[in-house]
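Structure at a glance
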Amino acid sequence: MKGSFMSNANPVLYKREGAYIPRVAAVHDLCGYGKCSLGVAIPVLSAAGCDVCPVPTSLFSAHTRFPKFYMHDTTDMLASYLDAWVDEGIELDAVYSGFLGAAEQVASIQRLYREHPKALRIVDPVMGDGGSMYPTYTQELCDAMRGLVDGADVLTPNLTEASILTGIEYAGQDLSDDQVKAYLDALLAMGAKTVVLKGVVRGDGQIRNYVAVSGEKDASVTEISSELLPYMLHGTGDLFASALLAALMCGRGLTDACTFAGIFVRDAMQITREQPDFEVRGVSFESVLGEITQLLK
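Quantities reported herein were computed from a predicted structural model and do not represent experimental measurements. For every chain, the first residue of the written sequence is number 1, and numbering continues from 1 onward in sequence order. Local features in this predicted model are restricted to residues of pLDDT 70 or higher, and side-chain atom pairs are both shown and tallied only at a pLDDT of 80 or more, whereas totals for entire chains, interfaces and linings draw on every residue. Calculation of side-chain values draws on the structure's entire complement of heavy atoms; hydrogens and water are dropped beforehand.

**Points about the overall build of the protein chain**
Only DSSP runs of H or I covering at least 4 residues are called helices, and only runs of E covering at least 2 are called strands; the numbering of each starts at the N terminus. Of regular secondary structure, the protein chain possesses 10 helices and 11 strands. What the globule rule says is 2.2 Å times the number of residues to the power 0.38, and the radius of gyration is computed from C-alpha atoms. Its C-alpha radius of gyration of 18 Å places the protein chain within 12% of the 19 Å reference for a compact globule of 297 residues. Viewed in the frame of its principal axes, the protein chain has a C-alpha envelope of about 50 × 45 × 45 Å. Relative accessible area decides the class of each residue, using a 1.4 Å probe on protein chains only: under 20% of the type maximum gives buried, over 50% gives exposed, and in between gives partly exposed. Here the protein chain, with 297 residues, has 54% of them falling under the buried criterion. When the accessible area of the protein chain is evaluated, it comes to approximately 12800 Å², of which 51% is carbon and sulfur surface. Positive: Lys, Arg. Negative: Asp, Glu. His and the chain ends are not part of the count. Here the site of a charge means NZ on Lys, CZ on Arg, CG on Asp, or CD on Glu. Charge separation in the protein chain, taken as the distance between the mean sites of 23 positive and 37 negative side-chain charges, equals 4 Å. The method behind every accessible area is Shrake-Rupley, applied with a 1.4 Å probe, and residues are considered shielded solely by the protein chains displayed.

**Overview of the layout of surface pockets**
Space inside the largest pocket adds up to approximately 1000 Å³. Together, 41 residues line the largest pocket, and Asp-129, Met-232, Leu-233, Thr-236 and Gly-237 are the ones closest to its centre. Classifying every residue of the lining of the largest pocket by side-chain character gives 17 nonpolar, 15 polar and 9 charged. The definitions used throughout rest on a 1 Å grid laid over the protein atoms alone, on which a cavity is an enclosed set of points accommodating a 1.4 Å probe that cannot get out and a pocket is an open set flanked by protein within 12 Å on both sides along at least five of seven lines; lining residues are those having an atom within 4 Å of a point. Grid points are joined across faces, edges and corners, and a volume is the space filled by probe spheres set on the points. Following the grouping adopted for this structure description, the nonpolar residues are Ala, Val, Leu, Ile, Met, Phe, Trp, Tyr, Cys and Pro, the charged ones are Asp, Glu, Lys and Arg, and the polar ones are all others, Gly among them.

**Re helix H2 (residues 75–88)**
The span expected for a helix works out to 1.5 Å for each residue beyond the first. Between its terminal C-alpha atoms H2 stretches 21 Å, which fits the 20 Å expected from 14 residues at 1.5 Å a residue. Buried residues of H2: Thr-75, Leu-78, Leu-82 and Trp-85, and no others. All buried residues of H2 fall inside an arc of 50° around its axis, so they share one side. Residues of H2 that are exposed and point over 90 degrees away from its buried face: Asp-76, Ser-80, Asp-87 and Glu-88. Contacts were defined at the residue level, with two residues in contact if any of their heavy atoms lie within 4.5 Å. Those residues of H2 that are buried are in contact with strand S1 (23–31), strand S2 (51–60), strand S3 (71–73) and helix H3 (105–115). Where H2 terminates, the next one or two residues include Gly-89, which has phi positive at roughly 70°. Throughout, the arc means the angular range of directions from the helix axis out to the C-beta atoms.

**Topic: the packing of aromatic side chains**
A pair of Phe, Tyr and Trp rings is counted when the ring centres sit within 6.5 Å of each other, with Trp represented by its six-membered ring. The angle between the planes then sorts it: under 30 degrees is stacked, over 60 is edge-to-face, the rest tilted. Under the definition given, this model contains 7 aromatic pairs. The interplanar angle of 80° and the centroid separation of 5.9 Å between the aromatic rings of Tyr-231 and Phe-278 together place this pair among those described as edge-to-face. In this pair, Tyr-231 sits in the loop between strand S11 (220–227) and helix H7 (236–249) while Phe-278 sits in helix H9 (residues 278–281), placing the two residues 47 residues apart along the sequence. Considered together, Tyr-231 and Phe-278 belong to a single accessibility category, that of buried residues. Grouped by ring-pair contacts, the aromatic residues Phe-60, Phe-69, Phe-99 and Tyr-137 constitute a single cluster.

**What to know about the packing of helix H1 (residues 38–47) against H7**
Where H1 contacts H7, the axes come no closer than 9 Å and their chain directions differ by 25°. Relative to H7, the element H1 lies roughly parallel. H7 is crossed by H1, and the crossing has right-handed handedness. Of H7, the residues touching H1 (which contributes Val-40, Ala-41, Val-44 and Leu-45) are Asp-238, Leu-239, Ser-242, Ala-243, Leu-245 and Ala-246. Here the contact of H1 with H7 is built from residues that sort into 8 nonpolar, 1 polar and 1 charged. In this analysis an axis means a line fitted to C-alpha atoms, helices contributing only their contacting stretch, and an angle means the value between N-to-C directions, from 0 to 180 degrees. Just so you know how the angles are binned, under 35 degrees is roughly parallel, over 145 roughly antiparallel, 65 to 115 roughly perpendicular, and the rest oblique. For any helix crossing, the convention is left-handed if the near helix is rotated counterclockwise from the far helix by under a right angle, and right-handed if that rotation is clockwise.

**Some thoughts on the side chain of Asp-238**
Mapped onto the fold, Asp-238 is located in helix H7. Each salt bridge in this description consists of a side-chain nitrogen of Lys or Arg and a carboxyl oxygen of Asp or Glu lying within 4 Å of one another. For Asp-238, which is buried and forms no salt bridge, the nearest opposite charge comes from Lys-198, at a distance of 7.0 Å. Pairs of N or O atoms within 3.5 Å make up the polar contacts considered here, provided that, within protein, one atom can donate a hydrogen while the other can accept it, and that residues adjacent in sequence are counted only when both atoms are side-chain atoms. Within the structure, the side chain of Asp-238 is placed 2.8 Å from the backbone nitrogen of Ser-37, a separation counted as a polar contact. When residues no more than four places from it in sequence are discounted, the contact partners of Asp-238 are Cys-36, Ser-37, Val-40, Tyr-96, Asp-124 and Val-126.

**As for the environment of Tyr-113**
Of note, Tyr-113 is situated in helix H3. Taking the C-alpha atoms as reference, Tyr-113 lies 9.6 Å from Gly-151; in sequence the two are 38 residues apart. Apart from the residues within four sequence positions on either side, Tyr-113 is in contact with Val-95, Ser-97, Arg-121, Val-123 and Leu-148.

**Description of the pairing of S2**
A large share of S2 lies buried, amounting to 7 of its 10 residues. Relative to S3, S2 runs antiparallel, the two being bridged by 3 bridges. Its bridge partner lying in S3, Ser-58 is registered against Asp-73. At least two DSSP bridges between two strands are required for those strands to pair.

Below is the structure:
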């Protein structure tokens, strides 16, 4: 590590016991074509031996990288959907949220927190990339997303999302240690218990993620770097967060889980490049799911 960062940010957030299968509410959108959101979370977490309970925040014909797509907002159904869960007495071990269809959906996630106070809270604040919000997002929705930061056991923003959440001006991907620390300090001050800040690129062929764990005095921060591939793909953020959670639910420490997720995404990206129309279809992870199942051993 360089600068004022400290290491050893590797807390174990979930203890897997015996043959028990943990239950995870995945609060994401569902795309009919293109690999992201629930289409990623369900198979990845299932491969890690989790019972994935989808809460669809919207339905898309295809993801938003395509020039034309249909979106159906599911906000109006969520209250009855979750009421039925209460009637069934469903218990949850984790609540994992991502892309939202409307600002009002934040209240549904906060309801799950109230009804399942012991569940791990994983917040992937999917709002944008490259300095811009996604086309279906509004400022109102981004403002509402800030309500999920306080109390998040793990918050996984990219640099664009960290900028939106904190109000710190987006300065691209080539950040100094001091700039990284400013983001991490601000997010922890907003109430996140741990933060995984993704996507720092400094022109040396590496991509860096930073794991920060709140402490009584100073945060413990670990830098994790891996090979930067010479192309970008849609859905890698969803895949990273899902693989990270998969490792956590298998009892891995946070830094170990972050390292695993980075390797898993890289391996999937390398396979993706061999697929037709790989630039828009999304990251092809299916043939490397065995790496997820190995977490159970």
